[in-house]
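Residues per chain are reported as follows:
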Amino acid sequence: MQSIGWLKGFFESGFYEKYWGWKYTADETRQLAEDALKLLGAQSGHILDWCGGWGRVSIYFAQKGMKVTILDFMVEYLKRAEEIFDQNKLDVTLVPADCRVTPSWIQADYAACTFCSIGFYNDREQVDAFRSLYGALKYGGKFIVDCMNRDYMARLLKPVGEEKRRDGYSFRQNNDFDKTDGILHSSMEIRDAKGALEAEHEFHQRIYRPEELRALLVSSGFRVDEIYGDYSGNPVSDGIPQIVVVASKPGH
Ligand SMILES: C[S@@+](CC[C@H](N)C(=O)[O-])C[C@H]1O[C@@H](n2cnc3c(N)ncnc32)[C@H](O)[C@@H]1O
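Presented here is a report on the structure given in the accompanying data block. Keep in mind that what you see is a predicted model, and the values were worked out from it rather than measured.

Calculation rules
- Residues numbered from 1 in each chain as written.
- Predicted model: local features only at pLDDT ≥ 70, side-chain atom pairs only at ≥ 80, totals over all residues.
- Heavy atoms only, no water.
- Near = heavy atom within 4 Å.
- Polar contact = N/O pair within 3.5 Å; in protein donor to acceptor, adjacent residues only side chain to side chain.
- Areas by Shrake-Rupley, 256 points an atom, 1.4 Å probe, with all protein chains shown as cover.
- Salt bridge = Lys/Arg side-chain N within 4 Å of Asp/Glu carboxyl O.
- Helix = DSSP H or I, 4+ residues; strand = E, 2+ residues; numbered from the N terminus.
- Pairing = 2+ DSSP bridges.
- Axes fitted to C-alpha atoms, helices over the stretch in contact; angles between N-to-C directions.
- Parallel < 35°, antiparallel > 145°, perpendicular 65-115°, else oblique.
- Left-handed = near helix turned anticlockwise from the far one by under 90°.
- Contact = heavy atoms within 4.5 Å.
- Nonpolar A, V, L, I, M, F, W, Y, C, P; charged D, E, K, R; others polar.
- 1 Å grid on protein atoms, 1.4 Å probe; cavity = no way out; pocket = protein on both sides within 12 Å on 5 of 7 lines; lining within 4 Å.
- Points joined across faces, edges and corners; volume = space filled by probe spheres on them.

## Overview of the site of the ligand
Moving on, step 1. Taken together, 20 residues surround the ligand, and among them Cys51, Arg56, Asp72, Cys99 and Thr114 come closest.
Moving on, step 2. Here a nitrogen atom of the ligand and a backbone polar atom of Cys99 are 2.8 Å apart.
Moving on, step 3. Summarising the interface, the protein chains cover 98% of the accessible area of the ligand, which totals 590 Å² for the free molecule.

Structure below.
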(Lines give C-alpha, C1' and ligand atoms only; values in the text may rest on other atoms or scores of the structure.)
Protein backbone atom coordinates (compact mmCIF):
# COMPACT_ATOMS: atom_id res chain seq x y z
CA MET A 1 0.00 0.00 0.00
CA GLN A 2 1.31 3.44 -0.94
CA SER A 3 2.65 5.43 2.03
CA ILE A 4 0.41 8.34 2.90
CA GLY A 5 2.31 9.46 6.00
CA TRP A 6 2.23 13.11 4.95
CA LEU A 7 -1.57 12.89 4.63
CA LYS A 8 -2.10 11.48 8.13
CA GLY A 9 0.27 14.19 9.38
CA PHE A 10 -1.84 16.80 7.64
CA PHE A 11 -4.97 15.73 9.55
CA GLU A 12 -3.19 14.85 12.83
CA SER A 13 -1.49 18.26 12.99
CA GLY A 14 -4.90 19.96 13.21
CA PHE A 15 -4.03 22.01 10.10
CA TYR A 16 -6.99 20.72 8.09
CA GLU A 17 -9.54 21.99 10.63
CA LYS A 18 -7.74 25.30 11.14
CA TYR A 19 -7.59 25.95 7.41
CA TRP A 20 -11.05 24.74 6.31
CA GLY A 21 -13.01 24.22 9.54
CA TRP A 22 -14.45 27.74 9.66
CA LYS A 23 -15.54 28.08 6.02
CA TYR A 24 -18.97 26.44 5.95
CA THR A 25 -21.91 27.33 8.20
CA ALA A 26 -24.19 24.72 9.74
CA ASP A 27 -26.94 25.79 7.31
CA GLU A 28 -24.66 25.30 4.29
CA THR A 29 -23.61 21.87 5.55
CA ARG A 30 -27.22 20.83 6.25
CA GLN A 31 -28.10 21.91 2.71
CA LEU A 32 -25.24 19.82 1.31
CA ALA A 33 -26.47 16.78 3.24
CA GLU A 34 -30.04 17.26 2.04
CA ASP A 35 -28.94 17.76 -1.57
CA ALA A 36 -26.77 14.63 -1.41
CA LEU A 37 -29.70 12.56 -0.12
CA LYS A 38 -31.90 14.00 -2.86
CA LEU A 39 -29.43 13.09 -5.62
CA LEU A 40 -29.14 9.59 -4.12
CA GLY A 41 -32.94 9.31 -3.94
CA ALA A 42 -32.49 8.28 -0.27
CA GLN A 43 -35.40 8.76 2.10
CA SER A 44 -34.53 6.10 4.64
CA GLY A 45 -32.00 3.31 5.15
CA HIS A 46 -28.35 2.98 6.09
CA ILE A 47 -25.72 5.40 4.78
CA LEU A 48 -21.95 5.05 5.08
CA ASP A 49 -20.16 8.39 5.43
CA TRP A 50 -16.92 7.24 3.78
CA CYS A 51 -13.93 9.32 4.97
CA GLY A 52 -16.56 11.12 7.02
CA GLY A 53 -14.32 12.83 9.59
CA TRP A 54 -16.28 13.86 12.68
CA GLY A 55 -19.63 13.55 10.92
CA ARG A 56 -19.82 17.20 9.88
CA VAL A 57 -22.21 16.16 7.09
CA SER A 58 -23.64 12.88 8.35
CA ILE A 59 -25.08 14.39 11.53
CA TYR A 60 -27.64 15.89 9.12
CA PHE A 61 -28.15 12.52 7.39
CA ALA A 62 -29.05 11.17 10.84
CA GLN A 63 -31.35 14.12 11.54
CA LYS A 64 -33.17 13.19 8.33
CA GLY A 65 -33.79 9.72 9.75
CA MET A 66 -30.94 7.81 8.09
CA LYS A 67 -28.97 5.16 10.01
CA VAL A 68 -25.36 6.40 9.85
CA THR A 69 -21.98 4.65 9.83
CA ILE A 70 -18.83 6.78 9.64
CA LEU A 71 -15.54 5.36 8.38
CA ASP A 72 -12.35 7.35 8.87
CA PHE A 73 -8.70 6.61 9.71
CA MET A 74 -8.58 9.45 12.27
CA VAL A 75 -9.65 7.98 15.62
CA GLU A 76 -9.78 11.49 17.15
CA TYR A 77 -12.36 12.55 14.55
CA LEU A 78 -14.47 9.47 15.26
CA LYS A 79 -14.38 10.20 19.01
CA ARG A 80 -15.60 13.69 18.27
CA ALA A 81 -18.34 12.29 16.03
CA GLU A 82 -19.47 10.07 18.91
CA GLU A 83 -19.78 13.12 21.18
CA ILE A 84 -21.67 15.14 18.57
CA PHE A 85 -24.13 12.31 17.83
CA ASP A 86 -24.56 11.69 21.60
CA GLN A 87 -25.32 15.36 22.24
CA ASN A 88 -27.97 15.16 19.51
CA LYS A 89 -29.31 11.86 20.93
CA LEU A 90 -28.65 10.13 17.62
CA ASP A 91 -27.04 6.72 17.01
CA VAL A 92 -23.91 6.27 14.94
CA THR A 93 -21.64 3.34 14.12
CA LEU A 94 -17.96 4.23 13.93
CA VAL A 95 -15.43 2.37 11.82
CA PRO A 96 -11.77 3.32 12.37
CA ALA A 97 -10.26 2.04 9.13
CA ASP A 98 -8.33 2.95 6.02
CA CYS A 99 -10.80 3.50 3.21
CA ARG A 100 -8.61 1.38 0.91
CA VAL A 101 -9.70 -1.64 2.95
CA THR A 102 -13.29 -0.76 3.79
CA PRO A 103 -14.77 -3.71 5.73
CA SER A 104 -17.37 -5.59 3.73
CA TRP A 105 -19.53 -6.30 6.81
CA ILE A 106 -20.87 -2.73 6.73
CA GLN A 107 -23.45 -3.54 4.02
CA ALA A 108 -24.99 -0.07 3.68
CA ASP A 109 -27.76 1.00 1.31
CA TYR A 110 -25.92 4.21 0.44
CA ALA A 111 -22.49 5.78 0.75
CA ALA A 112 -21.37 9.41 0.55
CA CYS A 113 -17.87 10.80 0.23
CA THR A 114 -17.90 14.58 0.60
CA PHE A 115 -15.45 17.46 0.44
CA CYS A 116 -12.79 16.17 -1.95
CA SER A 117 -11.79 13.12 0.04
CA ILE A 118 -10.44 11.10 -2.91
CA GLY A 119 -7.27 11.37 -5.00
CA PHE A 120 -4.72 10.95 -2.21
CA TYR A 121 -3.28 7.79 -3.78
CA ASN A 122 -2.31 6.56 -7.20
CA ASP A 123 -5.15 5.45 -9.48
CA ARG A 124 -4.61 1.74 -8.78
CA GLU A 125 -5.02 2.31 -5.05
CA GLN A 126 -7.99 4.59 -5.60
CA VAL A 127 -9.60 1.73 -7.51
CA ASP A 128 -8.78 -0.64 -4.61
CA ALA A 129 -10.50 1.84 -2.28
CA PHE A 130 -13.62 2.10 -4.49
CA ARG A 131 -13.65 -1.68 -4.90
CA SER A 132 -13.63 -2.20 -1.13
CA LEU A 133 -16.41 0.36 -0.80
CA TYR A 134 -18.37 -1.50 -3.48
CA GLY A 135 -18.08 -4.65 -1.33
CA ALA A 136 -19.43 -2.72 1.68
CA LEU A 137 -22.65 -1.75 -0.15
CA LYS A 138 -25.75 -3.88 -0.64
CA TYR A 139 -26.74 -4.86 -4.19
CA GLY A 140 -28.77 -1.96 -5.53
CA GLY A 141 -26.82 0.42 -3.25
CA LYS A 142 -25.83 3.93 -4.36
CA PHE A 143 -22.77 6.08 -3.84
CA ILE A 144 -22.29 9.85 -4.16
CA VAL A 145 -18.82 11.37 -4.33
CA ASP A 146 -17.43 14.83 -5.06
CA CYS A 147 -14.05 16.16 -6.08
CA MET A 148 -12.53 19.07 -7.97
CA ASN A 149 -12.71 19.12 -11.75
CA ARG A 150 -9.35 18.76 -13.52
CA ASP A 151 -10.67 20.51 -16.65
CA TYR A 152 -11.64 23.53 -14.54
CA MET A 153 -8.29 23.50 -12.69
CA ALA A 154 -6.31 23.36 -15.93
CA ARG A 155 -8.17 26.42 -17.25
CA LEU A 156 -9.00 28.58 -14.28
CA LEU A 157 -7.06 27.68 -11.14
CA LYS A 158 -5.20 30.73 -9.83
CA PRO A 159 -1.57 30.26 -8.76
CA VAL A 160 -2.41 31.95 -5.47
CA GLY A 161 -5.70 31.94 -3.59
CA GLU A 162 -6.17 34.07 -0.52
CA GLU A 163 -9.09 34.57 1.85
CA LYS A 164 -9.35 36.85 4.84
CA ARG A 165 -11.55 35.94 7.79
CA ARG A 166 -13.48 38.53 9.77
CA ASP A 167 -11.00 38.37 12.64
CA GLY A 168 -8.18 39.38 10.26
CA TYR A 169 -6.66 35.90 9.86
CA SER A 170 -5.58 35.15 6.30
CA PHE A 171 -5.56 31.78 4.53
CA ARG A 172 -3.26 31.55 1.55
CA GLN A 173 -2.82 28.67 -0.88
CA ASN A 174 0.03 28.61 -3.42
CA ASN A 175 -0.92 26.25 -6.20
CA ASP A 176 1.26 24.34 -8.61
CA PHE A 177 -1.03 22.25 -10.79
CA ASP A 178 0.77 19.59 -12.82
CA LYS A 179 -1.35 19.50 -15.96
CA THR A 180 0.39 16.37 -17.25
CA ASP A 181 -0.34 14.18 -14.22
CA GLY A 182 -3.37 16.07 -12.94
CA ILE A 183 -1.79 16.46 -9.52
CA LEU A 184 -2.27 19.59 -7.46
CA HIS A 185 0.73 20.45 -5.30
CA SER A 186 -0.13 23.22 -2.86
CA SER A 187 1.47 24.93 0.06
CA MET A 188 -0.86 26.62 2.48
CA GLU A 189 -0.32 29.09 5.23
CA ILE A 190 -2.34 30.68 7.97
CA ARG A 191 -1.35 34.12 9.22
CA ASP A 192 -2.79 35.98 12.18
CA ALA A 193 -4.23 39.51 11.98
CA LYS A 194 -0.74 40.98 12.39
CA GLY A 195 0.62 38.93 9.49
CA ALA A 196 2.62 36.49 11.63
CA LEU A 197 2.80 32.97 10.26
CA GLU A 198 0.79 30.67 12.52
CA ALA A 199 0.84 27.40 10.58
CA GLU A 200 1.81 26.07 7.19
CA HIS A 201 1.48 22.76 5.37
CA GLU A 202 1.91 21.17 1.99
CA PHE A 203 -0.82 19.25 0.24
CA HIS A 204 -0.91 16.92 -2.78
CA GLN A 205 -3.98 15.56 -4.49
CA ARG A 206 -4.80 13.88 -7.77
CA ILE A 207 -7.58 15.80 -9.50
CA TYR A 208 -9.82 13.96 -11.97
CA ARG A 209 -11.58 14.79 -15.18
CA PRO A 210 -15.22 13.64 -15.11
CA GLU A 211 -14.36 10.79 -17.50
CA GLU A 212 -11.32 9.75 -15.44
CA LEU A 213 -13.43 9.44 -12.31
CA ARG A 214 -16.05 7.52 -14.28
CA ALA A 215 -13.36 5.09 -15.49
CA LEU A 216 -12.04 4.47 -11.96
CA LEU A 217 -15.55 3.84 -10.63
CA VAL A 218 -16.41 1.51 -13.51
CA SER A 219 -13.13 -0.40 -12.99
CA SER A 220 -14.24 -0.89 -9.39
CA GLY A 221 -17.55 -2.46 -10.42
CA PHE A 222 -19.81 0.59 -10.12
CA ARG A 223 -22.27 1.76 -12.74
CA VAL A 224 -22.10 5.53 -13.13
CA ASP A 225 -25.63 6.95 -13.16
CA GLU A 226 -25.01 10.70 -13.31
CA ILE A 227 -22.18 13.20 -13.32
CA TYR A 228 -23.12 16.67 -12.07
CA GLY A 229 -21.19 19.92 -11.58
CA ASP A 230 -22.46 20.46 -8.03
CA TYR A 231 -24.88 19.17 -5.41
CA SER A 232 -27.72 21.23 -6.87
CA GLY A 233 -27.60 18.90 -9.88
CA ASN A 234 -26.26 21.43 -12.41
CA PRO A 235 -24.48 19.94 -15.44
CA VAL A 236 -20.75 19.29 -15.18
CA SER A 237 -18.60 21.79 -17.09
CA ASP A 238 -15.04 23.07 -17.26
CA GLY A 239 -16.38 26.38 -15.92
CA ILE A 240 -17.49 24.80 -12.60
CA PRO A 241 -14.85 23.68 -10.07
CA GLN A 242 -16.68 20.61 -8.79
CA ILE A 243 -17.68 17.15 -9.97
CA VAL A 244 -20.41 15.21 -8.18
CA VAL A 245 -20.92 11.61 -9.29
CA VAL A 246 -23.79 9.28 -8.41
CA ALA A 247 -22.92 5.62 -8.98
CA SER A 248 -24.68 2.33 -8.23
CA LYS A 249 -23.87 -1.22 -7.34
CA PRO A 250 -26.21 -2.98 -9.75
CA GLY A 251 -28.74 -5.38 -8.23
CA HIS A 252 -28.58 -9.17 -8.77
C1 LIG B 1 -11.33 16.56 3.40
S2 LIG B 1 -11.76 15.65 4.84
C3 LIG B 1 -13.50 15.50 4.64
C4 LIG B 1 -14.23 14.96 5.83
C5 LIG B 1 -15.75 14.84 5.62
N6 LIG B 1 -16.10 14.03 4.46
C7 LIG B 1 -16.39 16.21 5.51
O8 LIG B 1 -16.99 16.51 4.45
O9 LIG B 1 -16.30 16.96 6.47
C10 LIG B 1 -11.12 14.08 4.40
C11 LIG B 1 -11.33 13.02 5.44
O12 LIG B 1 -10.84 11.80 4.90
C13 LIG B 1 -10.15 11.09 5.92
N14 LIG B 1 -9.22 10.21 5.22
C15 LIG B 1 -8.24 10.57 4.34
N16 LIG B 1 -7.62 9.47 3.86
C17 LIG B 1 -8.20 8.40 4.45
C18 LIG B 1 -8.01 7.01 4.35
N19 LIG B 1 -7.05 6.49 3.58
N20 LIG B 1 -8.82 6.20 5.06
C21 LIG B 1 -9.78 6.71 5.87
N22 LIG B 1 -10.00 8.04 6.02
C23 LIG B 1 -9.23 8.86 5.30
C24 LIG B 1 -9.51 12.17 6.77
O25 LIG B 1 -9.19 11.72 8.06
C26 LIG B 1 -10.61 13.24 6.76
O27 LIG B 1 -11.51 13.07 7.82
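Moving on from the model shown.
## A look at the pattern of salt bridges
Moving on, step 1. Scanning the model with the defined rule gives 19 salt bridges in all.
Moving on, step 2. In this structure, Asp109 engages Lys138 in a salt bridge whose closest nitrogen and oxygen atoms are separated by 3.0 Å. Of this pair, Asp109 sits in strand E4 (residues 108–113) while Lys138 sits in strand E5 (residues 137–148); the two residues are 29 residues apart in sequence, bridging distant segments of the chain.
Moving on, step 3. When salt bridges with common partners are traced through the structure, they connect Asp123, Arg150, Asp151, Arg206, Arg209 and Glu212 into a single cluster.

## Here's the deal with the sheet that holds strand E7 (residues 170–178)
Moving on, step 1. Strand order in the open sheet formed by four strands is E6-E7-E8-E9, with antiparallel pairing between adjacent strands. If you trace the sheet from one side to the other, it starts and ends with strand E6 (160–164) and strand E9 (197–206), each paired once. Going from strand to strand, the sheet's axes swing by 15° on average, the running direction of each strand aside.

## Structural notes on the packing of helix H6 (residues 123–135) against helix H8 (residues 210–219)
Moving on, step 1. It is at 8 Å that the axes of H6 and H8 come closest, and there the two elements cross at 55°. Classified by the angle between their axes, H6 and H8 sit oblique to one another. Considering the relative orientation of H6 and H8, their crossing is right-handed. For the pair H6 and H8, the contacting residues are Asp123, Gln126, Val127, Phe130 and Arg131 in the first and Leu213, Leu216, Leu217 and Ser219 in the second.
Moving on, step 2. Tallied by class, the residues present in the contact of H6 with H8 amount to five nonpolar, two polar and two charged.

## A closer look at empty space enclosed by the protein
Moving on, step 1. Under the defined criterion, the tally for this structure stands at one cavity of 30 Å³ or more.
Moving on, step 2. Taken as a whole, the largest cavity spans an internal volume of roughly 30 Å³.
Moving on, step 3. Lining the largest cavity, in full, are Cys116, Ile118, Cys147, Met148, Gln205, Arg206, Ile207 and Tyr208.
Moving on, step 4. Mapped by element, the contributors of at least two residues to the lining of the largest cavity are E5 and E9.

## A short note on the sheet that holds strand E1 (residues 46–50)
Through backbone hydrogen bonds, the strands of a sheet pair up, either in parallel or in antiparallel fashion.
Moving on, step 1. Ordered in space as E3-E2-E1-E4-E5-E11-E10, the seven strands form an open sheet in which the pairing is mixed. In this open sheet, the two edge strands, each paired with only one partner strand, are strand E3 (93–96) and strand E10 (223–228). Sheet twist, expressed as the mean angle between neighbouring strand axes with direction ignored, is 20°.
Moving on, step 2. Bridge count between E1 and E4: three bridges; the pairing is parallel. Bridge pairing links Leu48 to Ala111 in E4.
Moving on, step 3. On top of the sheet, helix H3 (residues 26–40) reaches E1, E4, E5, E10 and strand E11 (242–248); it is set at about 135° to E5, its chief contact.

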